[in-house]
Amino acid sequence: MEKHRVQKLEQLKSYGVTPYVNTFKIPFSSKEIKEKYSDSDKNELLNAKYRFSIAGRVMSIREFGKAAFITIKDRTGDFQVYLKKGEISEEEYKVFKATDTGDFIGTSGFLFKTKTGELTLFAESYKILTKSLRDLPEKWHGLKDVEKRYRQRYTDLIVNEHVKDIFVTRSAVIKRIREFFNKRDFLEVETPMMQPIAGGATAKPFVTHHNALDMKLYLRIAPELYLKRLVIGGLEKVYEINRNFRNEGVSTRHNPEFTMIEWYMAYADYHDMMSLTEELINDVSANVLGKTTIEYNNETISLKRPWPRLTLEEAIEKYAHIDRKKLSDFESAKQTAQENSIKIDESWGKGKIVLEIFEELVEEKLIQPTFIIDYPKEVSPLSKSKADDPETTERFELFIAGFEMANGFNELNDPIDQKERFEKQVLAKDAGDEEAHLMDKDFLRALEYGLPPTAGEGLGIDRLIMLLTNSKSIREVILFPHMRPEDDYDE
RNA sequence: GAGCCGUUAGCUCAGUAGGUAGAGCAGCUGCCUUUUAAGCAGCGGGUCGUAGGUUCGAUCCCUACACGGCUCACCA
């Protein structure tokens, strides 16, 4: 706390004025008032004396002698208040003198225009609604310290306008996504965040414990297996927007908890899903940003449809200039990886090696939206195989700006095949692969009742927001990104 | 988990080839009744991230640790 502020707090109390007012009614936001009167004639305003009450946080005070201009800020923007000794009571003037930037004030008066034509409220009454006991960051440079910005997001939001814009955009994007799916007759559902078996993805889960039931629970790594149970139950078209938790490293693209939308659609296939994805991202960008060409990290990205659909091998051939014949069998794939200094593990099969080559040599080059299709079965334990090629699955991933944005596939609905794949995962788990799937017997039972032909997809909301707000780090689009605790802070 | 970089006033940043620190904004005191980075004059403010070490003396050099950023690894 700042001494001079505490002194002013004491002063206010000595006047018999509370520094924390219970309520103050403001019928209109600053923006609403501006929209209505900004174009009004100066003299007309003076004659009409439109009276309003407004409130907000004091961002700056420009004082001279017996008058002052105060800029306050509410959620819709800034508004200027003019205050003149003699036009408010002596006591109110004393309250004004005890005002610091950062305080919330409430004031009533009439509208007028200054010499420079700025719509301003001429104060006839004045109150401090909430006294602020901490100094705001500096007014020109704002708050730059990244650590403080994330830890004290409230401060960041007060002084860095762009930060607020990102989260306004985030909210609008999610709202539009909901509308997109609702319009198409999808049902929004919520499935367990705490799961006895963390399935639906390959990732290390967080573990917790339920005391009363004395059982281990995992924070979910994906909602996938529950959503498919719902399709089995006849819901046919479902989606869920919620958090997933993965106990892995943090980076500019990874936060331990992140938001995904997953949706499932019976009687659709993965090509339908790709088309829907093109439509979704175009719709969201057009409606939220008003455009479908966006700048990201000094690249211009066009969302114009259709987006290329390349198989893994085609992409490697095109972007890494490696003949796909060199990927056709295990030995040549292994040799190709070694020729390109890509480290491979002894346990990997051909599919995993080809995927690794793709990730090392191609992924970052996929700046324009591109679907990579037909992934090896080896790395796709929940996807359906192609009818004419059982080692390849009908699966795609979407890449934009060099990173993975979405992952979708035709859902494996053969319970016997699924059981075999789970068994392989269990073997891998026993061999030390912490990310391998566990056997989920209830899910197999559900599949035995019959899952209609279904395609499903997951799309990373945070990454989509990064793309649409030109944010280089995922922390810029998450209000409270994960941080180590502060060991101490100044009082 | 590894490497590199950073941490100085409320904020943004300088700085000391080792002699306990400065600027602007913010704050305080004056003057100023239409300013908007208001202006003018003056004043106060720092265990220089933490703990050790070297040294007559450390904010500066060394070591460890903490937190953060970036890159890599893991991954979405």
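The paragraphs below set out a description of the structure included in this document.

Cut-off values and rules
- Residues numbered from 1 in each chain as written.
- Chains lettered and ligands numbered in written order.
- Predicted model: local features only at pLDDT ≥ 70, side-chain atom pairs only at ≥ 80, totals over all residues.
- Heavy atoms only, no water.
- Helix = DSSP H or I, 4+ residues; strand = E, 2+ residues; numbered from the N terminus.
- Rg over C-alpha atoms; globule rule 2.2 N^0.38 Å.
- Buried < 20%, exposed > 50% of the residue type's maximum accessible area, 1.4 Å probe, protein only.
- Contact = heavy atoms within 4.5 Å.
- Near = heavy atom within 4 Å.
- Polar contact = N/O pair within 3.5 Å; in protein donor to acceptor, adjacent residues only side chain to side chain.
- Nonpolar A, V, L, I, M, F, W, Y, C, P; charged D, E, K, R; others polar.
- Salt bridge = Lys/Arg side-chain N within 4 Å of Asp/Glu carboxyl O.
- Phe/Tyr/Trp six-rings, centres within 6.5 Å; stacked < 30°, edge-to-face > 60°.
- Axes fitted to C-alpha atoms, helices over the stretch in contact; angles between N-to-C directions.
- Parallel < 35°, antiparallel > 145°, perpendicular 65-115°, else oblique.
- Left-handed = near helix turned anticlockwise from the far one by under 90°.
- Pairing = 2+ DSSP bridges.

## With respect to the overall build of chain A
Thinking step 1. Secondary structure summary: chain A contains 15 helices and 19 strands in total.
Thinking step 2. Rg of the C-alpha trace for chain A: 29 Å, well past the compact-globule value of 23 Å for 491 residues, more than 25% over.
Thinking step 3. Expressed as lengths along the three principal axes of its C-alpha atoms, the size of chain A is roughly 90 × 55 × 50 Å.
Thinking step 4. A buried classification covers 49% of the 491 residues belonging to chain A.
Thinking step 5. Residue pairs in contact within chain A that sit at least 24 positions apart in sequence constitute 66% of those at least 6 positions apart.

## Thoughts on the protein's contact with RNA strand B
Thinking step 1. Inspection of the region around RNA strand B gives 52 residues, with T116, K139, W140, E147 and H254 positioned closest.
Thinking step 2. Per the 4 Å cut-off to the protein, sugar and phosphate atoms form 62% of the nearby atoms of RNA strand B.
Thinking step 3. One of the backbone nitrogen or oxygen atoms of E63 is found 3.0 Å away from a base nitrogen of RNA strand B.
Thinking step 4. For RNA strand B, a base nitrogen lies 2.6 Å from a polar atom in the backbone of N255.
Thinking step 5. Contributing elements (two or more residues each) for the surface near RNA strand B: α1 (3-14), β1 (51-64), β2 (67-74), β3 (77-84) and α5 (146-151).
Thinking step 6. At 5 residues, α5 tops the list of elements feeding residues into the surface near RNA strand B.
Thinking step 7. Among the residues making up the surface near RNA strand B, the classes are represented as 14 nonpolar, 12 polar and 26 charged.

## Observations concerning the pattern of salt bridges
Thinking step 1. In total, this model carries 31 salt bridges according to the counting rule given.
Thinking step 2. The salt bridge partner of R220 is E240, with a shortest N-O separation of 3.0 Å. Here R220, found in the loop between β9 (215-219) and α8 (224-232), pairs with E240, found in strand β10 (residues 237-245); they are 20 residues apart in sequence, far enough to count as distant. Grouping residues by exposure puts R220 and E240 together as buried.
Thinking step 3. When the shortest N-O distance is used, the salt bridge between E397 and R395 registers 2.9 Å.
Thinking step 4. By relative accessible area, which is 6% here, E397 ends up buried.
Thinking step 5. The network of salt bridges with common partners includes R5, K8, D100, D103, K131 and D135.

## Notes on the packing of aromatic side chains
Thinking step 1. The tally for this structure, following the rule as stated, stands at 20 aromatic pairs.
Thinking step 2. Ring geometry for Y37 and Y50: centres 4.6 Å apart, planes at 35°, overall tilted. Here the residue Y37 occupies a position in helix α2 (residues 30-37), and Y50 occupies one in the loop between α3 (42-48) and β1, the gap between them amounting to 13 residues.
Thinking step 3. Judged by its relative accessible area of 7%, Y37 is buried.

## Considerations on the packing of helix α7 (residues 161-183) against helix α9 (residues 270-289)
Helix packing for two helices is described by the angle between their axes and how far apart those axes are.
Thinking step 1. One way to put it is that α7 packs onto α9 with a least axis distance of 9 Å and a crossing angle of 135°. As far as their axial angle goes, α9 and α7 are oblique. Note on packing geometry: the crossing formed by α7 with α9 is right-handed. Contacts from T169, A172, V173, R176, I177, F180 and F181 of α7 reach α9 at L276, E279, L280, D283, V284, N287, V288 and L289.

## Details of the pairing of strand β15 (residues 370-376)
Thinking step 1. Within β15, 7 of the 7 residues are buried, which leaves the element mostly enclosed by the surrounding structure.
Thinking step 2. Looking at chain direction, β15 and strand β17 (residues 389-400) are connected through 6 bridges and run antiparallel. Directly across from I372, in β17, lies its bridge partner E397.

## Re unusual backbone geometry
Thinking step 1. Put simply, R305 and P306 share a cis peptide bond, and its omega is -5°.
Thinking step 2. Within the secondary structure, P306 is located in the loop between β13 (299-302) and β14 (309-311).
Thinking step 3. With a phi close to 70°, D185 is a non-glycine residue in the positive phi region.
Thinking step 4. If you trace the backbone, D185 turns up in the loop between α7 and β6 (187-188).
Thinking step 5. On the accessibility criterion, D185 (59% relative accessible area) is exposed.
Thinking step 6. One non-glycine residue, E236, lies in the positive phi region at around 60°.

## A few points about the sheet that holds strand β7 (residues 194-195)
Thinking step 1. Reading across from one edge, β7-β9-β8 is the order of the 3 strands in this open sheet, with antiparallel pairing throughout. Sheet topology places β7 and β8 (207-210) at the edges, where each strand pairs with a single neighbour.
Thinking step 2. As defined by bridge partners, β7 adjoins β9 across 2 bridges and the pair is classed as antiparallel. By the bridge assignment for β9, Q195 is matched with Y218.

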